[in-house]
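As a plain string of letters, each chain reads:
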Amino acid sequence: GAGVSQSPSNKVTEKGKDVELRCDPISGHTALYWYRQRLGQGLEFLIYFQGNSAPDKSGLPSDRFSAERTGESVSTLTIQRTQQEDSAVYLCASSQWRGGNQPQHFGDGTRLSIL
Amino acid sequence: SQQGEEDPQALSIQEGENATMNCSYKTSINNLQWYRQNSGRGLVHLILIRSNEREKHSGRLRVTLDTSKKSSSLLITASRAADTASYFCATDASQFGNQFYFGTGTSLTVIP
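A short tour of the structure in this document, coming up. Going along each chain's sequence as written, the residues are numbered from 1 onward. Chains and ligands are labelled sequentially in the order written, the chains with letters from A and the ligands with numbers from 1. Given that the model is predicted, a residue must reach a pLDDT of at least 70 before its local features are reported, and side-chain atom pairs must reach 80 or more before they are shown or counted; all residues, however, enter totals for whole chains, interfaces and linings. In computing side-chain values, all of the structure's heavy atoms are included and hydrogens and water are not.

Take the layout of surface pockets next. Of the volumes computed, that of the largest pocket is approximately 580 Å³. Definitions used throughout: a 1 Å grid over protein atoms alone; a cavity as a set of points that fits a 1.4 Å probe which cannot get out; a pocket as an open set with protein on both sides within 12 Å along at least five of seven lines; a lining residue as one with an atom within 4 Å of a point. Lining the largest pocket are 29 residues, with Q37(A), R38(A), L39(A), G40(A) and Q37(B) positioned closest to its centre. Only runs of H or I of at least four residues qualify as helices and only runs of E of at least two qualify as strands under DSSP, and these elements are numbered from the N terminus. Secondary structure elements with two or more residues in the lining of the largest pocket: β8 (88-95) and β10 (110-114) of chain A together with β9 (85-92) and β11 (106-111) of chain B. The leading source of residues in the lining of the largest pocket is β10(A), at 4 residues. Amino acids are sorted into nonpolar (Ala, Val, Leu, Ile, Met, Phe, Trp, Tyr, Cys and Pro), charged (Asp, Glu, Lys and Arg) and polar (every other residue, Gly among them). For the lining of the largest pocket, a count of residues per class yields 6 nonpolar, 19 polar and 4 charged. Grid points are joined across faces, edges and corners, and a volume is the space filled by probe spheres set on the points.

Rendered as structure tokens:
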């Protein structure tokens, strides 16, 4: 596709359930980022993938959060045993390669609501 | 924290006026980027300025960078209603890893 695609666009689930969020980056982009954005707030870095290198997981807030990416393709962010404070928009971005001089291309996010 | 802080948090102007937003950060950077976010959408890259640059233009956008003050400003000239959005700065300090640090954003409303 032309841009970064995320699914689902909205997810409502009960506290304690597991959720899986999906991100399809732009084809050929080696770098992929996940962010969390709480209502009215800025972006909070979660995790970064670069090709086949080990991911940078330093932003994951707890061991309930995990993410996978196979090569330079789709990534999934999984949140286990969801809590109400997990309610937020989860944004995925990709860039052509690693580096601060590369613009990030964002999907429209998954709006997660935990009841 | 390296996180940038935008100022003001919210700005409301009339169409045709100029809008200025500021970003401050805490440590040395390699690059600084500005992004726009329309309500309910992802962020869109606007402009990048490198640490050795002082000013950059793109259409109606003008970005300045003062590394001695650790601050940047984004000026939108002749604003339009379609410019209504939140604006974020993002800094890259690669010596701290792979992370980009996004500020808390300025919410701009342009009144037609």
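All names here are of chain B. Ordered in space as β1-β3-β8-β7-β6, the 5 strands form an open sheet in which the pairing is antiparallel. The open sheet is flanked by β1 (5-7) and β6 (55-58), the only strands paired with a single partner. Here the average twist between neighbouring strands, direction ignored, is 20 degrees. Only strands joined by at least two bridges in the DSSP assignment are considered to pair. To obtain each axis, a line is fitted to C-alpha atoms, and for helices this fit is confined to the stretch in contact; angles are then taken between N-to-C directions over 0 to 180 degrees.

Another point: unusual backbone geometry. A cis geometry characterises the amide bond from S7(A) onward to P8(A), with omega recorded as -10 degrees. If you trace the backbone, P8(A) turns up in the loop between β1 (5-7) and β2 (10-13). Cis geometry is found at the peptide bond from D7(B) to P8(B), where omega equals 0 degrees. With respect to the element layout, P8(B) can be found in the loop between β1 and β2 (10-14). The phi angle at K70(B) is positive, at roughly 50 degrees, despite the residue not being glycine. Its place among the elements puts K70(B) in the loop between β7 (61-66) and β8 (71-76). Throughout this description, buried means an accessible area under 20% of the type-specific maximum (1.4 Å probe, protein chains only), exposed means over 50%, and partly exposed covers the range between. The partly exposed category is assigned to K70(B), whose relative accessible area is 27%.

The next point concerns the packing of aromatic side chains. The aromatic pairing rule takes the rings of Phe, Tyr and Trp, using the six-membered ring of Trp, and pairs them if the centres are within 6.5 Å, calling planes under 30 degrees apart stacked, those over 60 edge-to-face and the rest tilted. Counted by the stated rule, this structure contains 8 aromatic pairs over all chains. The interplanar angle of 15 degrees and the centroid separation of 6.1 Å between the aromatic rings of Y33(A) and Y35(A) together place this pair among those described as stacked. With a centroid separation of 5.8 Å and an interplanar angle of 80 degrees, the aromatic rings of F106(A) and Y35(B) are classed as edge-to-face. With F106(A) in strand β9 (residues 105-106) and Y35(B) in strand β4 (residues 31-37), this residue pair bridges two chains. Residue classification places F106(A) among the buried positions, given a relative accessible area of 10%. Three or more aromatic residues link up through ring pairs in this structure, and these residues are Y33(A), Y35(A), F45(A), Y48(A), F106(A), Y35(B) and F102(B).

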